[in-house]
Amino acid sequence: MQPQRGDRSSSPAEGQQDLVAGWLDGLWRTFVEPRSLAVVGSLLMLFALFGVLLPQMPGQLRSEALAADRWLTATAEGYGAFGGVLRRLGAFDVLHSPWFLGLLWIAFFLSLMQIAHLVWGAFLFLRVLKTFEDVGGSCGEAVRVVLPERIFRWRGTASTSAPLVVEACKAQMQHWAERVERRTVHAPISALQAEAFASCGVTLPREVQEERALGVRGRLESALRPLLPAGMALALAVVGWRSLTGSSFLPAALLPGERASDAVLGVTVEYRLLFPKPGVVGPALQVSKGETLRLLPLAPGSVELDGVVVDVRPGAPALLVRTLDDAPLLARPGQSFGANEVGLGFLHPGSEQALVMPRYGVGMRIIRQDGGMSDDAFLVEVFQGEDETPMQRFTIAESEVVAIKTTEQPILLAFVPIAMFQVHAYTAPPLWLLFPALLLMLVGAYGFRRSAAFVLVQAGPWPIDRSIVVLQSNRPALLAALRERLDQIGEAGKEQESGRG
């Protein structure tokens, strides 16, 4: 039996209200649709790849508009026709790109919407057990079940008594439900029910017994699902915090004796050479912020000073040249003063540097040679005066002392292959928050391993020796299986009657 719905005309005002309600419902469904968050998340992952694969603008240039523009222009030119597109997208400064920030806040908003949707859905699903015991309507009328998804209902008659119908349905639900409950409630007789019995000459009391059975699965999973968008919201909040409040400092690779500082972070770094014992050089990076000072070795590592993280790693190869007697004989071309040691950096194989000893009229040309699988070597050519033919040539592959020929006397120089220091200093929120965010997402993902489902069966008396049955479920397949079971009961009843005849 199906309830009849009468036709009625609607006024223009009601039609407009229905249109607005339909539009708002569609908008809400877009917000809570997991695919919406998946699309925005995919775009965020694309920007994350930009941040990993493309060079990012040093943070100290952000306060210098002209320097930042020059850096962006030079970097974009290296990517040809795509450079301009990448620059407009902010791919060379991802954490401060308007496109990235816009997607970040959209994803955060969608995460909050889905948290609210899943929490409300889990709450309503857990209330189904309480709804199961409600007696709000007449016997044979569907108990009101509210869920944020479609509820499928069926009402009809079965050719057996209500207790047998519920027992058969309960046995059917045992195959998939993790919990099956049965209740007997006293419900008022419905007008349709009274009319049906009166037509058979039977009068029923005002209340009759209605048999009910409820099968549910996925209550735990339903409760865990909100943790997935909650973890995503936490991770997005950490990234947004880093983008809005963080600052970074990425100086050029440092040579021995060089230093760099950033006023925003208040950090100063200096490449120092320590001599723990004669003939041994210990390269170290001195990092200071205020009164706090740290020394880092020439190896990948990091240190945190008052909320500022300083990451260091060895950079391009370099060559340290120093006099053994600490005499200030060495100088770069154009320098008016001498030094006892000079550090020379070589960013690429084939790059070269020049070094002079003005006092003796000697110049040196040093070229980095590609060592293939081994460490790079340095070719040194020594020139005297205006002579364009080198009077001395040798290769440095490891620390070595070489006597440089001059017109007066040989000068002993130590050549020490070393590496430049690459430094990156930045402020960041406590990134440990990403670990609980990941844990929340993993636990929440477990909640999606199977769908939450319920079936509610109601059965009451119906003439003669039959029952009126109401089935409700959020899974049509489960509803169809119960209807098939009721049909089998009906066929078995007909065969028994035929046998008696």
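The structure reproduced in this document is the subject of the present report. Quick caveat: nothing in here was measured; it's all calculated off a predicted structure.

Calculation rules
Residues numbered from 1 in each chain as written. Predicted model: local features only at pLDDT ≥ 70, side-chain atom pairs only at ≥ 80, totals over all residues. Heavy atoms only, no water. Pairing = 2+ DSSP bridges. Helix = DSSP H or I, 4+ residues; strand = E, 2+ residues; numbered from the N terminus. Axes fitted to C-alpha atoms, helices over the stretch in contact; angles between N-to-C directions. Contact = heavy atoms within 4.5 Å. Buried < 20%, exposed > 50% of the residue type's maximum accessible area, 1.4 Å probe, protein only. Salt bridge = Lys/Arg side-chain N within 4 Å of Asp/Glu carboxyl O. Arc of directions from axis to C-beta. Core = buried A, V, L, I, M, F, W, Y, C linked by side-chain atoms within 4.5 Å. Parallel < 35°, antiparallel > 145°, perpendicular 65-115°, else oblique. Left-handed = near helix turned anticlockwise from the far one by under 90°. Nonpolar A, V, L, I, M, F, W, Y, C, P; charged D, E, K, R; others polar. Expected span 1.5 Å × (residues − 1). Phe/Tyr/Trp six-rings, centres within 6.5 Å; stacked < 30°, edge-to-face > 60°. Disulfide = S-S within 2.5 Å.

**Here's the deal with the sheet that holds strand E18 (residues 453–462)**
Strand order in the open sheet formed by 5 strands is E1-E19-E18-E3-E2, with antiparallel pairing between adjacent strands. Edge positions in the sheet fall to strand E1 (152–158) and strand E2 (179–188), since each of these pairs with one other strand and no more. Adjacent strand axes in the sheet meet at a mean angle of 15°, parallel and antiparallel pairs treated alike. Direction of pairing for strand E3 (residues 207–217) relative to E18: antiparallel, over a ladder of 7 bridges.

**Things to note about the side chain of Thr160**
Within the secondary structure layout, Thr160 lies in the loop between E1 and helix H7 (162–173). Excluding its chain neighbours within four sequence positions, the residues that come into contact with Thr160 are Val165, Asp465, Arg466, Ser467 and Ile489.

**Let's talk about the side chain of Ser248**
With respect to the element layout, Ser248 can be found in strand E4 (residues 248–249). The buried category is assigned to Ser248, whose relative accessible area is 11%. Discounting residues that sit within four places of it in the chain, Ser248 has contacts with Pro58, Gly59, Gln60, Arg62, Arg242, Leu265, His424, Ala425 and Tyr426.

**Let's talk about the pattern of salt bridges**
For the structure on display, the rule yields 17 salt bridges. Put simply, Glu181 and Arg179 hold a salt bridge, and the shortest N to O gap is 2.6 Å. Its salt-bridge partner being Glu381, residue Arg365 comes within 3.4 Å of it at the nearest N-O pair. In this pair, Arg365 sits in strand E13 (residues 362–369) while Glu381 sits in strand E14 (residues 377–384), placing the two residues 16 residues apart along the sequence. One salt-bridge network, held together by shared partners, links Glu178, Arg219, Glu221, Arg449 and Arg450.

**Structural notes on helix H8 (residues 191–199)**
An α-helical turn contains 3.6 residues, so any two residues separated by three or four positions project in the same direction. The complete set of buried residues in H8 reads Gln193, Ala196 and Phe197. What you see down the axis of H8 is that its buried residues fit within an arc of 95°, all on one side. With respect to the buried face of H8, the exposed residues turned more than 90 degrees away are Ala191, Glu195, Ala198 and Ser199. Summarising the contacts, the buried residues of H8 are in contact with E3, E18 and strand E19 (466–473). Phi turns positive, to about 80°, at Gly201, one or two residues after H8.

**Points about the environment of Val165**
With respect to the secondary-structure elements, Val165 resides in helix H7. With 126 residues separating them in the primary sequence, Val165 and Val39 have C-alpha atoms 47 Å apart. The residues touching Val165, leaving out its near neighbours within four places in the chain, are Ala158, Thr160, Ala459, Ser467, Val469 and Leu486.

**A short note on the nonpolar core**
Side chains that are nonpolar tend, in soluble globular proteins, to be buried together. Ranked by size, the top nonpolar core spans 27 residues in total, and within it Leu254, Val269, Leu285, Val287 and Val310 carry the most contacts. Counting only elements with at least two residues in this core, the list comes to strand E6 (267–277), strand E7 (280–289), strand E9 (301–305), strand E10 (308–323) and strand E17 (411–427). If we ignore the near neighbours within four places in the chain, the residues touching Leu285 are Leu254, Val269, Glu270, Tyr271, Arg294, Leu295, Leu296, Val312, Phe421 and Val423. Counting 24 residues, the second largest nonpolar core, distinct from the first, contains Ala327, Met364, Val382 and Val402.

**A few points about the packing of helix H2 (residues 34–53) against helix H5 (residues 98–126)**
Packed helices, taken two at a time, are described by the angle between their axes plus the distance between the axes. Following both chains from N to C, one finds H2 and H5 inclined at 150°, their axes separated by 9 Å at the closest point. Comparing the axis directions of H2 and H5 gives the class roughly antiparallel. The handedness of the crossing between H2 and H5 comes out as left-handed. Between H2, through Pro34, Ser36, Leu37, Val40, Leu43, Leu44 and Phe47, and H5, the contact on the second element is made entirely by Trp99, Phe100, Leu103, Leu104, Ile106, Ala107, Leu110, Ser111 and Gln114. Of the residues belonging to the contact of H2 with H5, the class tally is 13 nonpolar, 3 polar and no charged.

**A closer look at the sheet that holds strand E15 (residues 392–396)**
Backbone-to-backbone hydrogen bonds join strands into a sheet, with any given pair of strands oriented parallel or antiparallel. The strand order across the open sheet formed by 4 strands is E12-E13-E14-E15, and the pairing between neighbours is antiparallel. In this open sheet, the two strands that pair with only one neighbour each are strand E12 (352–357) and E15. Each strand of the sheet is rotated relative to its neighbour by a mean of 20°, with strand direction disregarded. Judged from the 6 bridges that link them, E12 and E13 form a sheet pairing that is antiparallel. Note that in E13 the partner of Met357 across the bridge is Val362.

**Let's talk about H7**
With 12 residues, H7 extends 16 Å between its outermost C-alpha atoms, agreeing within 8% with the 16 Å of an ideal straight helix rising 1.5 Å per residue. Three or more residues of H7 are buried, namely Ala162, Val165, Val166, Ala168, Cys169 and Met173. For H7, the angular spread of buried residues about the axis comes to 160°, placing them on one side.

**Looking at the environment of Ala91**
Relative to the helices and strands, Ala91 is located in the loop between helix H4 (81–89) and H5. Since its relative accessible area comes to 0%, Ala91 is described here as buried. Spatially, the C-alpha atoms of Ala91 and Phe47 are 6.8 Å apart, while their sequence positions differ by 44 residues. If near-sequence neighbours (up to four positions away) are discounted, Ala91 is found in contact with Phe50, Leu54, Gln56 and Leu86.

**As for the packing of aromatic side chains**
Evaluation of the coordinates by the stated rule reveals 9 aromatic pairs. Ring geometry for Trp120 against Phe123: centres 5.6 Å apart, planes inclined by 25°, an arrangement best described as stacked. One end of the pair, Trp120, and the other, Phe123, are both in helix H5, 3 residues apart, so they sit about a helical turn from each other. An aromatic cluster of three or more residues is present, and its members are Phe47, Phe50 and Phe100.

**Notes on the state of the cysteines**
What the rule picks out here adds up to 0 disulfides. Between Cys200, a free cysteine, and Cys139, which holds the nearest cysteine sulfur, the sulfur-to-sulfur gap is 15 Å.

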